[in-house]
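Residue-level structural notes
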Amino acid sequence: MGKGIEIASYDPKKVNVIVGGRALTGFASDGVVTLTRNEDSVTPSVGAKGDVCYSENANESGVVAVTLMSTSSSLAYLRDLEAKRKAVPVTVTDVNAAGGFVMSAEECRVQKMPDVARQKEQGTVTVNIFVPHMVLR
């Protein structure tokens, strides 16, 4: 092993998404979860002479996008949450040694009914869950 080389391993089995106390299953091969903030945390303004002012953004909301196989049993559960317009806690954990994190938030909502598509082979469905206060720890 050479000096200055970083070696890490990643195991998708160590990434979990829990919605309303239920662990989601049936993730697609091209992704488990993506966490995205809705807006930048700060907006810099630069004056005519180069002076800089940072405007802090209080909006800490975001979206948890889960990518599931169209055969996932979790889809029926998520569709039911959306139909009932139910707010639930959401937790995403990554316990991999390199880059692990926990994101946990209350009062989250499925943004719209997950798509329903049937093709020759099973496809993928992305479900977006709104998170009012997204902070990774």
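Every chain's residues receive numbers from 1 upward, in the order its sequence appears when written. The model is predicted, so local features are restricted to residues of pLDDT at least 70 and side-chain atom pairs to those at 80 or more, both for listing and for counting; the totals for chains, interfaces and linings are taken over all residues. Heavy atoms throughout the structure, all of them, feed into the side-chain values; hydrogens and water do not.

**Focus: the sheet that holds strand β2 (residues 22–23)**
Quick reminder of the rule: Strands qualify as paired when DSSP identifies two bridges or more between them. The helix and strand labels rest on DSSP assignments: H or I over at least four residues marks a helix, E over at least two residues marks a strand, and numbering proceeds from the N terminus. Any two residues whose heavy atoms approach within 4.5 Å at even a single point are treated as in contact. In this analysis, axes come from line fits to C-alpha atoms, helices being fitted only over the stretch in contact, and the angle between any two N-to-C directions falls in the range 0 to 180 degrees.
With antiparallel pairing, the seven strands of this open sheet are ordered in space as β2-β1-β7-β8-β9-β6-β3. Of all strands in the sheet, those with a lone pairing partner are β2 and β3 (33–37), marking the two edges. Relative to strand β8 (residues 101–110), strand β7 (residues 88–94) is paired through six bridges, and the arrangement is antiparallel. The residue bridging valine 88 from the neighbouring strand is cysteine 108, located in β8. Against the sheet, helix α1 (residues 74–83) contacts β1 (15–19), β2, β6 (62–69), β7, β8 and β9 (124–131), and its axis sits at roughly 140° relative to β6.

**Some details on the pairing of β1**
Selection criterion: Exposure categories follow from relative accessible area, calculated using a 1.4 Å probe and restricted to protein chains: below 20% of the type maximum is buried, above 50% is exposed, and the middle band is partly exposed.
Side-chain alternation along β1 places Val15, Val17 and Val19 on a buried face and Asn16 and Ile18 on a face that remains uncovered. Pairing of β1 with β7, which is carried by five bridges, proceeds in the antiparallel orientation. Residue pairing across strands places valine 17 opposite valine 92, the latter belonging to β7. Between β1 and β2, which pair antiparallel one after the other, the connecting turn spans two residues, and glycine 20 there sits at a positive phi close to 60°.

**So, α1**
Heads up, the condition is: The directions considered for the arc are those from the helix axis to the C-beta atoms.
Within α1, the full set of buried residues consists of Ser74, Leu75, Tyr77, Leu78 and Leu81. Summarising the axial view, the buried residues of α1 lie within an arc of 160°, below the 170-degree limit, and thus occupy one face. Structural note: α1 exposes Ala76 and Ala83 on the side pointing more than 90 degrees away from its buried face. Looking at the buried positions of α1, the neighbouring elements they touch are β1, β2, β6, β7, β8 and β9. Following α1 by one or two positions, arginine 85 has its phi on the positive side, about 55°.

**Description of the pattern of salt bridges**
Keep this limit in mind: Here, a salt bridge means any Lys or Arg side-chain nitrogen found within 4 Å of an Asp or Glu carboxyl oxygen.
Taken as a whole, this structure holds one salt bridge when the rule is applied. With a shortest N-O distance of 3.2 Å, lysine 84 and aspartate 80 are connected by a salt bridge. Lysine 84 gets classed as exposed once you look at its relative accessible area, which sits at 59%.

**What about the environment of valine 46?**
Position of valine 46 among the secondary structure elements: in strand β4 (residues 42–46). With a relative accessible area of 60%, valine 46 lands in the exposed category. Separated by 89 residues in sequence, valine 46 and valine 135 have C-alpha atoms that sit 28 Å apart. Discounting chain neighbours no more than four positions away, the residues touching valine 46 are Asp51 and Val52.

**As for the side chain of threonine 93**
For threonine 93, the position within the fold is in strand β7. For threonine 93, a relative accessible area of 17% corresponds to the buried category. For threonine 93, the contacting residues outside a window of four places in its chain are Lys14, Val15, Asn16, Phe101 and Val102.

**Comments concerning unusual backbone geometry**
Phi is positive for arginine 85, close to 55°, though the residue is something other than glycine. Considering the arrangement of structural elements, one finds arginine 85 in the loop between α1 and β7. Phi at glutamate 107 is positive, roughly 55°, even though this residue is not glycine. For glutamate 107, the location among the structural elements is in strand β8.

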